[in-house]
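Observations on chain architecture
Now for the letters of each chain:
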Amino acid sequence: MALLIKTDIERGNAWAEALASAYPELKTHTWPYKGDPAAIDYALVWMPPEGELKSYPNLKAIFSIGAGIDHLASDPDLPEGVPVVRMVEPGLTAGMSEYVALAALNHHRFIQDYANQRQEKRWEEIPQIAASARQIGMLGLGVLGRAALESLGTFGFKLAGWSRTPKSITGISCYHGEEGLREFLAETDILVCLLPLTPETEGILNRDVFAQLPRGAAVINVGRGGHLVEEDLLEALDSGQLGGATLDVFHEEPLPKDHPFWTHPKVFMTPHIASMTIPETACQAVVANIHRLEAGEPLRHVVDMTRGY
Ligand code: NDP
Ligand code: OXD
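Here's a quick rundown of the structure. Predicted, not measured: the structure shown is a model, and the values here were computed from it. Position numbers for residues count from 1 along each chain, tracking the sequence in the order it is written. Numbering of ligands from 1 and lettering of chains from A proceed in the order in which they are written. At least 70 in pLDDT is required for a residue's local features to be given in this predicted model, at least 80 for side-chain atom pairs to be given and counted, and no such filter applies to totals for whole chains, interfaces and linings, which use all residues. Note: side-chain values were computed over all heavy atoms of the structure, leaving out hydrogens and water.

**Some words on the site of ligand 1**
- Whether a residue is near a molecule or strand depends on its heavy atoms: if one lies within 4 Å, it is near. Neighbouring ligand 1 are 29 residues, the closest being Leu144, Thr165, Lys167, Asp248 and Tyr309.
- At 2.9 Å, a backbone N or O of Leu144 approaches an oxygen atom of ligand 1.
- One of the backbone N or O atoms of Arg164 is found 3.0 Å from a nitrogen atom in ligand 1.
- Note on areas: these come from Shrake-Rupley sampling with a 1.4 Å probe, and a residue is covered only by the protein chains present in the view. Starting from 950 Å² of accessible surface for ligand 1 in isolation, the protein chains cover 92%.
- Going through the elements one at a time, helix 5 (143-152) and strand 7 (158-163) are the ones with two or more residues in the shell around ligand 1. We call two N or O atoms a polar contact when they sit within 3.5 Å, provided that within protein one can donate a hydrogen and the other can accept it, with sequence-adjacent residues counted only if both atoms are side-chain atoms. Numbering of helices and strands starts at the N terminus; helices are DSSP runs of H or I of at least 4 residues and strands are runs of E of at least 2.

Here it is, written out as structure tokens:
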């Protein structure tokens, strides 16, 4: 049985090593692959070139190295009928919870404002606000959104979440659908986006949504760059409707050198590192799924490609 790995060289080697110890019988190849395409049973990929996957006629499953599968959904030649599996693994979930906590606390405790003050050698106290007086609102109550939100509960924040389908989660005020979004936004002081990028969620972080948040709210985008209408964010930051933003994902990555986000005093940004799949923990999920399929059992975390996540 053979698996093809397509990611950057360093991570590809880490995956090959992790898989070799977790499943020695599985033969792994790193991309570019020069052998017989018919010999490849599984693909483990991050941003494969468009049309690449259709050249393997015997693929049984495509594993996304990331939780998001927009890098596969955008391929018009994705082989039909081959299940796409998104990444669900403890390392990725833990990393995202860390990042969201860091970003939320940054806004809650005005750390970016103090960093700006420091540039000007200004020593000024900003009144502290109790966590219990702030609501963190999560767009997306999936594997990552729910875990990140729940971890913020330990600080005493009010927690709210918005999803496509109705949910009931202890300690979280749950909203869904368009009607629910309005109610959810009106009470949200720190808005976090952990949605998948689909035609329904594209551009969701826009002027209308920002206008429905309480004045001075903060926005954290760790979903995808396509969720954010960048001009609307700049306008909302400059008008004071938004107090700050943390951005990890962008329309164009790497962010062009002349982009206004680089120097905006209200923007804290990172280069799409909010969380990364860790091969050592993630290989267990991939191997378990391969064993499941080989035993005739259903795969876990298969994407509904018509829904887009
Ligand atoms: P899941 O598939 O587990 O969860 C998706 C959530 O979004 C679900 O709660 C779903 O609702 C909700 N949702 C989807 N469409 C809509 C809609 N139209 N309206 C309202 N809610 C919607 O995804 P994960 O939590 O695993 O990952 C989320 C995303 O995080 C990834 O797709 C990826 O883009 C991003 N990501 C970013 C990383 C980074 O480093 N910046 C790292 C990893 C992931 P329902 O529950 O009702 O189905
Ligand atoms: C992911 C990512 O989707 O890293 O996992 O963006």
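There's plenty left to go through after this.
**Some remarks on the sheet that holds strand 8 (residues 173-176)**
- Here, strands pair whenever DSSP counts at least two bridges between them. The sheet built from seven strands is open, its strands ordered 8-7-6-9-10-11-12 with parallel pairing. Strands with a single pairing partner mark the edges of an open sheet, and in this sheet they are strand 8 and strand 12 (267-269). Neighbour-to-neighbour, the strand axes of the sheet open up by a mean angle of 15 degrees, direction not taken into account.
- Together, strand 6 (135-139), strand 9 (190-193), strand 10 (217-221), strand 11 (242-247) and strand 12 form the strand contacts of helix 3 (residues 90-108), whose direction differs from that of strand 11 by roughly 155 degrees.
- Here a residue-residue contact requires only that any non-hydrogen atoms of the pair lie within 4.5 Å. Lines fitted to the C-alpha atoms define the axes, with helices restricted to the stretch that makes contact. Angles between their N-to-C directions range from 0 to 180 degrees. In the packing of helix 8 (residues 230-239) onto the sheet, the strands contacted are strand 11 and strand 12, and the crossing angle to strand 11 comes to about 140 degrees.

**Thoughts on the site of ligand 2**
- The immediate surroundings of ligand 2 are formed by Trp46, Gly66, Ala67, Gly68, Arg224, His272 and Ser275.
- The separation between an oxygen atom of ligand 2 and a polar main-chain atom of Gly68 is 2.8 Å.
- Between ligand 2 and Arg224 there is a distance of 2.7 Å, counted from an oxygen atom to a side-chain nitrogen or oxygen.
- If ligand 2 stood free it would expose 210 Å²; the protein chains cover 84% of that surface.
- Just so you know the grouping, Ala, Val, Leu, Ile, Met, Phe, Trp, Tyr, Cys and Pro go in nonpolar, Asp, Glu, Lys and Arg go in charged, and all remaining residues, Gly too, go in polar. Its residues assigned to classes, the shell around ligand 2 comprises two nonpolar, four polar and one charged.

**As for the pairing of strand 7**
- Working definition: with a 1.4 Å probe on protein chains only, accessible area under 20% of the residue-type maximum means buried, over 50% means exposed, and in between means partly exposed. Where burial is concerned, most of strand 7 is hidden: five out of the six residues are buried.
- With five bridges connecting them, strand 6 and strand 7 associate as parallel partners. Following the sheet pairing, Gln135 is matched in strand 7 by Lys158.
- As a crossover connection, the stretch from strand 6 through helix 5 into strand 7 is right-handed.
- Here strand 7 runs beside strand 8; their pairing, made up of four bridges, is parallel. Each bridged residue has a counterpart across the sheet, and for Ser163 the counterpart in strand 8 is His176. Clockwise travel from the first strand over the helix to the second, with the strands pointing away from the viewer, marks a crossover as right-handed.

**Observations regarding the packing of helix 3 against helix 5**
- Running from N to C, helix 3 and helix 5 cross one another at 50 degrees; their axes reach a closest spacing of 8 Å. Here helix 5 runs oblique to helix 3, going by the angle between their axes. For helix 3 against helix 5, the interelement crossing comes out right-handed. Where helix 3 abuts helix 5, its residues Leu92, Thr93, Met96, Ser97, Val100, Ala101 and Ala104 lie against Val143, Leu144, Ala147, Ala148, Ser151 and Leu152.
- Considered class by class, the residues forming the contact of helix 3 with helix 5 number ten nonpolar, three polar and no charged. Throughout, the term roughly parallel applies to angles under 35 degrees, roughly antiparallel to angles over 145, roughly perpendicular to angles from 65 to 115, and oblique to all others. Two helices cross in a left-handed way if the nearer one is turned anticlockwise from the farther one by less than a right angle. They cross in a right-handed way if the turn is clockwise.

**Thoughts on the pattern of salt bridges**
- By definition, a salt bridge exists where a carboxyl oxygen of Asp or Glu is found within 4 Å of a side-chain nitrogen of Lys or Arg. Here the structure, examined in full by the defined rule, presents eleven salt bridges.
- Of the charged contacts, one joins Lys54 and Asp77 as a salt bridge, the two residues approaching to 3.6 Å between their closest N and O atoms. Placement of Lys54 in the loop between strand 3 (42-45) and strand 4 (61-64) and of Asp77 in the loop between helix 2 (70-73) and strand 5 (84-85) is noted, with a sequence separation of 23 residues between them.
- The residue Arg122 makes a salt bridge to Glu124 at a minimum N-O spacing of 3.1 Å.

**Considerations on helix 9 (residues 279-294)**
- Taking 1.5 Å per residue, 16 residues should reach 22 Å; helix 9 reaches 21 Å between its end C-alpha atoms and fits that length.
- What helix 9 keeps buried is the set Pro279, Ala282, Cys283, Val286, Val287, Asn289 and Ile290. Along the long axis of helix 9, the arc covered by the buried residues comes to 160 degrees, so they all point the same way.
- Buried residues along helix 9 sit against strand 1 (2-6), helix 1 (9-22), strand 3, strand 4 and strand 5.
- Directly beyond the C-terminal end of helix 9, a positive phi value near 80 degrees is found at Gly296. Here the expected length of a helix is defined as 1.5 Å per residue gap, with one fewer gap than residues. By construction, the arc corresponds to the directions joining the helix axis to the C-beta atoms.

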